[in-house]
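Listed below, chain by chain, are the residues.
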Amino acid sequence: MDQSKEQRILNSVSYNAVKGDPESVLDCIDNYCSQKEWAMNVGDEKGVILDKVVEEADPTIALEFGTYVGYSAIRIARLLKPNARLLTIEFNPEFASIAREIIEIAGLSEKITIIEGHSQDIIPQLREKYQVDKVDFVFLDHWKERYCPDTILLEECGYLKKGSILLADNIVYPGAPDFVKYIRSHKSFDCTNYPSHLEYMKVEDAMEKAVYMG
Ligand SMILES: Nc1ncnc2c1ncn2[C@@H]1O[C@H](/C=C/CNC(=O)c2cc([N+](=O)[O-])cc(O)c2O)[C@@H](O)[C@H]1O
Ligand SMILES: [Mg+2]
C-alpha cells in the first residue's frame, strides 16, 4: 500500500531536517507543504501569531487539541521555559505515531506528551492521569465543531484560571462560528481577533485569542 501524505512529510523531515533543531524541522515541513503537498499545519504566517501568544502566556502547562503531525506542538514547545511542558491530544493513531517521530527529530520529546484519544474523553482525565491542575495556554486546532464544547468542558472541569489564554486556529476558514459566538459573548473571556491567511495559501483566515478573566 503506498504511503500516506503524513508519512511522506515524516520522510522529508527525516531526510532534510537537522536532528535536534526545531527550527529546521519547522522549515522543512513548511517547505514541503508549500512546494510539494498542502497539509493542515498552522504554517509559518499564522505560526508567528502563535509564537507571540505563547510568549505572552509564558505557560508552565500548555495544552493542544489536534496534534496532527506535530508542527504546532514543536512551534509551542520550542518556546517553553525549562520546567514547562506541552500536552497534545490526538485521536488518529497513525498521526500520533508520525508526530512522535517528528517531535523526536526536533529534540523536543522531553517537553511534549502526546495523549492518544478524543479530547472530550481526555479532558476530564487530565487532573488524575496527567497531574494537571490549571492550564496556562490552550491551542485549539482540531475538528472545528469541537472547539466550543471542549472550551465549555475545560471550564466545567476547572482547568482555567485568571489569565489562562486560549488561541484558536481557523476562525475564518474552515471557520468555527459557534465557538466565535460563544466565546465573544461570554462575560469571562476577553477576545482578540488576529487576521491572517490559510496556511500556504492566499485564502483569508484568522486566529482568535481569548483570555479567561476568572
Ligand atoms: N476530538 C478530537 N480529539 C483529538 N484529536 C482530534 C479530535 N478531532 C480532530 N482531531 C485530530 O486533529 C486533527 C484535525 C484537525 C482539523 N483541522 C482542520 O480541519 C483544518 C482544515 C483546514 N483546511 O481545510 O484548510 C485548515 C486547517 O488549519 C485545519 O486545522 C487531526 O489530526 C485529527 O485526527
Ligand atoms: Mg488549523
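Everything numeric in this text was worked out from a predicted model, so none of it was measured.

**Some words on the confidence of the model for the chain**
Counting all residues, the mean pLDDT for the chain is 97, and 100% of those residues have values of 70 or more. The ipTM, which scores confidence in the relative placement of chains, is 0.99 for this predicted complex, and the corresponding pTM is 0.97.

**Quick notes on the coordination of the magnesium ion (ligand 2)**
Those donors, Asp141 (OD), Asp169 (OD) and Asn170 (OD1), are the protein atoms that reach the magnesium ion (ligand 2), and they lie 2.0 to 2.2 Å from it. Counting residues between consecutive donors of the magnesium ion (ligand 2) along the chain gives the motif D-x27-D-N. With aspartate 141 in the loop between strand E4 (135-140) and helix H8 (147-156) and asparagine 170 in the loop between strand E5 (160-168) and helix H9 (171-175), this pair connects stretches of sequence that are 29 residues apart. Its relative accessible area of 13% is what places aspartate 141 among the buried residues.

**Overview of the packing of aromatic side chains**
Tallying each qualifying case throughout the model produces four aromatic pairs. Measuring from centroid to centroid gives 6.4 Å for phenylalanine 91 and tryptophan 143, while their planes differ by 65°, and the two rings are edge-to-face. Residue phenylalanine 91 is located in the loop between strand E2 (85-90) and helix H5 (93-106), and its partner tryptophan 143 is located in the loop between E4 and H8; the two are separated by 52 residues in the primary sequence. Among the residues examined, phenylalanine 91 registers a relative accessible area of 38% and is labelled partly exposed. With centroids separated by 5.6 Å and ring planes inclined at 90°, the aromatic side chains of tyrosine 147 and phenylalanine 179 adopt a geometry described as edge-to-face. Taken together, the positions of tyrosine 147 in helix H8 and phenylalanine 179 in helix H10 (residues 177-185) put the pair 32 residues apart, joining distant regions of the chain.

**What about unusual backbone geometry?**
Between tyrosine 173 and proline 174 the backbone carries a cis peptide bond, its omega angle lying at 0°. Mapped onto the secondary structure, proline 174 falls in helix H9. Its identity as a non-glycine residue notwithstanding, asparagine 170 has a phi of 65°, on the positive side. Judged by its relative accessible area of 3%, asparagine 170 is buried.

**Digging into the pattern of salt bridges**
Pairs may arise between side chains of opposite charge once their charged atoms sit close together. Counted under the stated rule, the structure contains 14 salt bridges. Among the ionic pairs, arginine 75 bridges to aspartate 51, the shortest N-O distance being 2.7 Å. On the criterion of sequence distance, the pair formed by arginine 75 in helix H4 (residues 71-77) and aspartate 51 in helix H3 (residues 43-57) is long-range, its members being 24 residues apart. Taking relative accessible area as the criterion, arginine 75 reaches 7% and is therefore assigned buried. The shortest N-O distance in the salt bridge between aspartate 58 and lysine 81 comes to 3.5 Å. Pair noted here: aspartate 58 is in the loop between H3 and strand E1 (61-65) and lysine 81 is in the loop between H4 and E2, with a separation of 23 residues, a long-range link. Connected via shared salt-bridge partners are Glu23, Asp51, Arg75 and Arg78.

**Considering the sheet that holds strand E6 (residues 189-197)**
Judged by pairing direction, the sheet is mixed, and its seven strands sit side by side in the order E3-E2-E1-E4-E5-E7-E6 without closing on themselves. The open sheet has two free edges, formed respectively by strand E3 (112-116) and E6, since each of these has just one partner strand. Pairs of neighbouring strands in the sheet enclose a mean axial angle of 15°, with direction left out of account. In the sheet, E4 pairs with E5 via five bridges, with the strands oriented parallel. Paired with leucine 140 across the bridge in E5 is alanine 168. Strands E4, E5, E6 and strand E7 (204-212) of the sheet are contacted by H3, whose axis makes an angle of about 155° with E6. Taken strand by strand, H8 contacts E1, E4, E5, E6 and E7, and its axis lies near 165° from that of E5.

**Looking at the pairing of E7**
Summarising burial for E7: eight of the nine residues are buried, a large majority. Bridge count between E5 and E7: four bridges; the pairing is antiparallel. In the strand pairing of E7, isoleucine 165 is matched with valine 211. When E6 meets E7, the two strands line up antiparallel, connected through nine bridges. Residue pairing in the sheet places phenylalanine 189 in a bridge with tyrosine 212 of E7. The antiparallel pairing of E6 with E7 creates a hairpin that spans six residues between the two strands, and tyrosine 200 there sits at a positive phi of about 65°.

What counts, and at which threshold
Sequence order as written defines residue numbering, which begins from 1 separately in each chain. Here every chain gets a letter starting at A, and every ligand a number starting at 1, in the order they are written. Restriction of local features to residues with pLDDT of at least 70 applies here, the model being predicted, together with a cutoff of 80 or more for giving and counting side-chain atom pairs; totals for whole chains, interfaces and linings are based on all residues. Note that the side-chain values use all heavy atoms of the structure and ignore hydrogens as well as water. The predictor rates its confidence in each residue with pLDDT, a number between 0 and 100. As a rule, N, O and S atoms within 2.8 Å of a metal are its donors, except that Na, K and Ca use 3.2 Å; water is not among the atoms, so sites may look incomplete. The helix count covers DSSP runs of H or I at least four residues long, the strand count covers runs of E at least two residues long, and both are numbered beginning at the N terminus. Categorising residues by exposure relies on relative accessible area from a 1.4 Å probe, with only protein chains included: less than 20% of the type maximum marks a residue as buried, more than 50% marks it as exposed, and the intermediate range marks it as partly exposed. Side-chain rings of Phe, Tyr and Trp, where Trp is taken by its six-membered ring, are said to pair if the distance between their centres is within 6.5 Å; with planes under 30 degrees apart they count as stacked, over 60 as edge-to-face, and otherwise as tilted. Here, a salt bridge means any Lys or Arg side-chain nitrogen found within 4 Å of an Asp or Glu carboxyl oxygen. Following DSSP output, two strands are said to pair if at least two bridges run between them. As a rule, the C-alpha atoms of each element are fitted with a line to give its axis, helices using only the stretch in contact, and angles between N-to-C directions run from 0 to 180 degrees. Contacts are residue-level and defined by heavy atoms, with any inter-residue pair within 4.5 Å sufficient.

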